[in-house]
Amino acid sequence: MKKIELKKITKKYGKIAAVDNMDLSINEGEFLTLLGPSGCGKTTTLRMIAGLEEPTSGELFSNGKTLFSKENGIYIPPEQRHLGFMFQSYALWPHMTVRKNISLGLETKKIGKEKINERVKDVLEKVQLTGYDSRYPSELSGGQQQRVALARMIAAESSIFLMDEPLSNLDAMLRVDMRSELKRLHKELNATSVYVTHDQVEALTLSDRIIVMNNGKIMQSATPEEVYIKPANLFVARFVGSPRINLIEGSLFSEGGKDYFKNSDISIPLNNIPSGADLRDKNIIAGIRSEDIVIKKKNEGEYRIYSVLPAGSETIINVIKGDVHITVKVSGFTALAMDNRVDLEFSKDKISFYSKETEELIY
Amino acid sequence: MHQKIQFYTSKLKSKPEIILSIIFVVVFAFLIVVPFAQMIYTTLTYQSFDLRLERGAEEGAFTLFHYKRMFKSDLTVPLFIKPFWNSIKVGVSVTLIAMVIGSMLAWLFVRTDIPYRKFFQTIIVVPYMIPSWVIALAWQLFFQNTRSGGHAGVITALFGIDIPDWLSYGFVPIVICLALHYYSYTFLLISGALRTIDSELEEAGAIGGLKRSQILRKITFPLVLPALGSSFVLTVTRSMGTFGTPALLGLPVRFFTIPTQIYAMINARNTGDGFVLALVLIILAATFISINNKIIGVRKSFVTMRGKGFRSSPMKLGKLRPVLITVLLVFILCLIIFPIVMLTFSTFMLLPDDYSFSNLTSHFWIGKSDATVASGELGVFRNRGILGGMVNSIKLGVIAAVVNAFLGLLIGYTVVKNRGTKLSRLIEGIAFAPYVFPSIAFSAIYLSMFSRSVGPIPALYGTFYLMVLIVIVKNLPFSSRSGISAMLQVDKSLEETASIQGIPFAKRFRLIILPLCKSGFLSGMILTFITAMRELSLVILLVTPSTRLLTTMIFAYETQEQEQHSNAVTLLLLLLIIFANVLIRVLVNRKSEDTMNLG
Amino acid sequence: MKKIVLSLLISLMLLPAVVFAGGTKEKSKEGYPPEMDAWAKEAKLGKYDKKQDWNEIIEKAKQEGSVIVYSSSSRIGNAGEEFSKIYPEIKVESFDLGSVKTFEKTIQEQDAGLYNADIITTGGSGNYYFELLKKNRIVNFVPSTHADKIPKEFKDPLLVRINEAIVFMYNTENHAAPPVKNIWELTTEKYRGKVVIKNPTESLSNLMGIATIVQHADEMEKAYKKFSGENLVLSEGVPDAGYEWLYRLIHNDLVIIKSGGKVAQASGQKGQDNAPLSIGPLAYGASYNRNKGYVNGLIYPLEPADGVIYPTYMSIARQAPHPNAAKLFTAYLLGNPDITRDTKIEEPYTEGESVKLLKGMAPYYFAGAMSPMENMPVAPDAEDWDKMNMWTVDPEFMWYDGPKVQDFWMKETAK
């Protein structure tokens, strides 16, 4: 069932479209992430769903109910949309205690004092902040503040959670912890979640589905796996994955019944190019992730090692041949050193090809 | 069509800032724009007064009569050009002196390790709380000579020195008296700006090998230059429009300024000419402000950038410390403490120029009616008139303070929420417009506008509420500025998160915005309270016996030669303002420097 | 700046909207407008004021319960308190507005269709005659109880409540006798910077004073001849001898002072070596001699006149809500009609027995305020009044030439 639906939603600031003619459906219980660089329109999209921004045109539905429609003259204000929203800044009211921060919204719902107390206790327990209810936000650490914001969102018991980069203000360690907390919570509460981030790791780890956005447009909408393995276009390919995907310009051709990807510096043997597609002799770009390349024939070969960057669990190795730079990831540490010479083997079935002209995935 | 209406109404309901904008635009149009238009209209038509000069003219008919009189007749030089230059001379001189004193004090208190900072600073801003013309009264007390007959001032009485006219009346004393008031104004503006400068910038200079004076000149000064520019413009604009001091000290030597001319014309029911001169002042002020904005940029010039988390380490004064402290003490003693003591002392003197011990009396404070003293006027504490005036003043101050603080915040909310739109700029602009209106002309317009009922508003002429209204409107520039800067500091997500949780606007405002803006709100309140309590030129045309204020009573007593009463009421007013100020500070328990933040 | 320009533009666009503020003015000069006519008939005022039945007036006044006075004198309030002791049913509300604002308020309110005031009493002859009486904003009311004691000139066309005067004063400590005999002496080098005057742009009374001197150009010219023996030579651009005197006075370093009280102090304060002469209201000069121990003396006889008398009128406002209370209070303010010129009045004048004798004149029982009634006793120190030869303000001259005199004053003082 479609929980949230955006139809031809456009948001313009002056002449610039922050969100451009966007269609999007979000299923019930889904954890959907809007991923993209800053200014891509992801936060605007989220704020439009919440009602904090008003679309310039288009329609917006939730639970089959119209939230916004310029055509039909409908606008439901945020107060009446019954959503949970978590801000990047947490937006905790500094002059109120943790308890008051959580209960204030509940009080307007007229659900009885006892019930409110119970719920506050519940949610604080859920976010592991039992006993903090009379503290003020300034007396809490960043992580704790974040969890109060989370608790406040949960307490309203709405079936939709909107989160705007909620983890970006935390330090790296806490961020990793909170990811699993969020994932756990999502499973427990089964609320439809829309999550905005520019952090691709966060998107990959948390989501059921990722919407990659750029310049107000959807670049790809797919599962994390698909986004990672088969980026729909060069933008997604570049944006997702760390280290960056290797993109090599060249063209396809056949020789002796075998297919190759080749440019003036390198030549990569391939499986079969799909028939029917007339790809030969055209400028295309091959994309291959660093973990899909294996280093062979150490101390001899066509590639020179440019840099070696050990990071504990893995080591990133930059190799160079002619004008082509290629990043390779190996697990653990390596004995290889700068300026060693090596040879590479590419996993043939994991290479994606993009049109240089349209930047779209060819296959 | 129907759907469209429905769409906009449902949108409106959920967007308080839009509703507020509409309300503000309508209300401001009525309270600010219409009076202004009325003023222009008056200058372009024959008024009943003019019919006496131009027989056969028809009242209300279009004419350039007033403009011709003011700008192209034998009246032009005496009525317009000379007062105009006098105003400019006074405004610029006052501002320059005030800025030198104000910025030196600001630097001393904000940037150096001067001791007893809080104590000094509290005393330093006392002149801000006194109406500027009260300083002129004090001047007369000391420097009056026998030109206007009667008894001479303290200096002549004590030392037998004859004071020359130029020191008794006219340009020099007007400038000195106004500068002694306005330095507190520039001090507050500049110290606000200085506080926002990260002292690391200065320290970097010190590490780079610059001397202290070089740091001041090459780093500090350029950094506060925008603030200096705006304080200059704001002070010039205000001091040019001042009425009380030039009226008191200028008349005996016929030193007229534009505001005193406006007052004389309006008093003679010659409003057409008066408003032409008022327009001149408005245009002049608007020009100054626009030049300033062009040079410095609007944002920097008006929004107070409050220092947050900046490091500010005081500069060591070293050997200069005792010298500067002495200078400061002498300054405070001569210019603040001594005049106040003399003012107090004079209220205990039976005859105004007899400084002997036997002449002391408590009659003016607690005396019963005695026909041989002060025309039988009762002592201050027995005097129902004075106590009534005190109640009126406090009422005016409190109502205006509360209303202005709320309005300021609501305007701030509206402007900040609509930021970037034309509507937002329009509201911000109109709310600032009363700043350039000369008080006298503004009140003359209100007087005629509200002498009849307008729509649902009953005729307010002669009522207390007209004074409340005009004081509120005239203070809008300050309260809206402080409201805007307070709102700018509140992250918008704090309110958004509340609205998402279904909390309605009224509750959001009360529980979230108001508490978060508390400090700006309170400082706005104190500021309005002070300005309302010391207001004279705005209300002098509007008071009636039942709505007298302490300030107008001081003026009236002064006019009736009841000096002791006038001085006693002045003292009362001063004590009230200081008391209210201290009270609020204690209640809020905040640092003095933040409370006095000017918008 | 954009903002300001924008608001300017908007206000210009709104201009037509404020034109309505001009309001509709009643132009009728003969006869009353209908509502006023109905009111006058009901209240038996104006042209319906045929026979005054004072028992009926008192009865109705008590029912009306209050009376609202717009005046330029704070002493009306004191009289009102005494009045309410006699008629506790009637509350007196007096607004001490000063002359300019009394006109302003009355006119503005009536133009807006508000008829709040019952009694208007103020000076400003030109305005009073032309703006109030001629435009039917008031009706003249002379209580029949007092009418035969008041000379015609003080009740027709307008009832005078008191007469006051602008006079010339000197310090009796400095001079045994009046130091000048001719008004032109004030323009001589001897009195350079030594004459003080109350600012005429701030008070109608002093404007009336100087305007009336200007008006008598012929007498002024003759006086000059008497003074110097020569014919007067007018300065450039000055139209006549009246203006010439004002011109020379102003340029003789005339000292302008804000208030009547200060003028009285300037010339009258004791202990001065060389006090200036002063031109100002007699009321202050005389009463401050008494209250403050000043030593002002009146300069008279003075060629060509010893001063200028200006009346304070009293009338019932158009469509007054409490017409009978207004009649009753008018009668009270005029003072006791049964008193005689030689009735002895004891101090304090404003309390007890004296108030019973003088009634509404009690607060005005001082030199400088003269009742129009011939039977009123004269206050101590006011005996001079009858001996003085003073000009009286001419409403018509004030109305049409007052602004010119004022222009002249403002122009010359600012030079």
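Bear in mind that the values here come from a model prediction, so they are computed numbers and not experimental data.

A word on the overall build of chain C
A count of helical and extended segments in chain C gives 16 helices and 11 strands. Here chain C has a C-alpha radius of gyration of 23 Å; the compact-globule value for 415 residues is 22 Å, and the two agree. With the principal axes as the frame, chain C shows a C-alpha extent of 70 × 65 × 40 Å. When contacts within chain C are restricted to residue pairs at least 6 apart in sequence, long-range pairs at least 24 apart make up 78% of them.

What to know about the interface of chain B and chain C
The interface of chain B with chain C comprises 57 residues on the first partner and 58 residues on the second. Contributing elements (two or more residues each) for the side of chain B that touches chain C: helix 2 (16-43), helix 3 (50-53), helix 5 (76-111), helix 15 (258-267), helix 16 (271-296) and helix 21 (422-432) of chain B. For the side of chain B that touches chain C, the leading source of residues is helix 2 of chain B, giving 8 residues. Its residues assigned to classes, the side of chain B that touches chain C shows 28 nonpolar, 19 polar and 10 charged.

Re unusual backbone geometry
All names here are of chain C. Across the junction of aspartate 156 and proline 157, the peptide omega takes the value 5°, indicating a cis bond. Within the secondary structure, proline 157 sits in the loop between helix 7 (144-147) and strand 5 (160-171). Looking along the chain, the bond that leaves glutamate 303 and enters proline 304 is cis, with omega of 0°. For lysine 359, which is not a glycine, the phi torsion comes out positive at approximately 55°. For lysine 359, a count of 21 C-beta atoms within 10 Å gives the class buried.

Describing the interface of chain A and chain B
Contact residues are listed per partner, giving 21 residues for chain A and 24 residues for chain B. Of all the secondary-structure elements, those providing two or more residues to the side of chain A that touches chain B are strand 6 (74-75) and helix 2 (98-107) of chain A. Within the side of chain A that touches chain B, the residues separate by chemical class into 13 nonpolar, 6 polar and 2 charged.

A short note on the pairing of strand 10 (residues 307-317) of chain C
All names here are of chain C. With 11 of 11 residues buried, strand 10 lies mostly within the body of the structure. Examined bridge by bridge, strand 3 (residues 119-122) and strand 10 share 4 bridges and lie antiparallel to one another. Each residue of the ladder has a partner; that of threonine 121, found in strand 10, is methionine 314. Direction of pairing for strand 4 (residues 138-139) relative to strand 10: antiparallel, over a ladder of 2 bridges. Within strand 10, the position partnered with valine 139 by the bridge is isoleucine 316. Sheet analysis places strand 5 next to strand 10, joined by 7 bridges and oriented antiparallel.

Details of the confidence of the model for chain C
Residue and element names in this part refer to chain C. Scored by pLDDT, chain C has a mean of 86; 93% of the residues are at 70 or more. Below pLDDT 50 for its whole length, residues 12-29 participates in 22 contacts with residues either more than four positions away or in separate chains. Scoring the predicted complex yields pTM 0.81 and, for the interface, ipTM 0.82.

So, how was this worked out
Residues numbered from 1 in each chain as written. Chains lettered and ligands numbered in written order. Predicted model: local features only at pLDDT ≥ 70, side-chain atom pairs only at ≥ 80, totals over all residues. Helix = DSSP H or I, 4+ residues; strand = E, 2+ residues; numbered from the N terminus. Rg over C-alpha atoms; globule rule 2.2 N^0.38 Å. Contact = placed C-beta atoms within 7 Å. Nonpolar A, V, L, I, M, F, W, Y, C, P; charged D, E, K, R; others polar. Buried ≥ 20, exposed ≤ 12 C-beta atoms within 10 Å, placed from the backbone. Pairing = 2+ DSSP bridges. pLDDT = per-residue confidence, 0-100.

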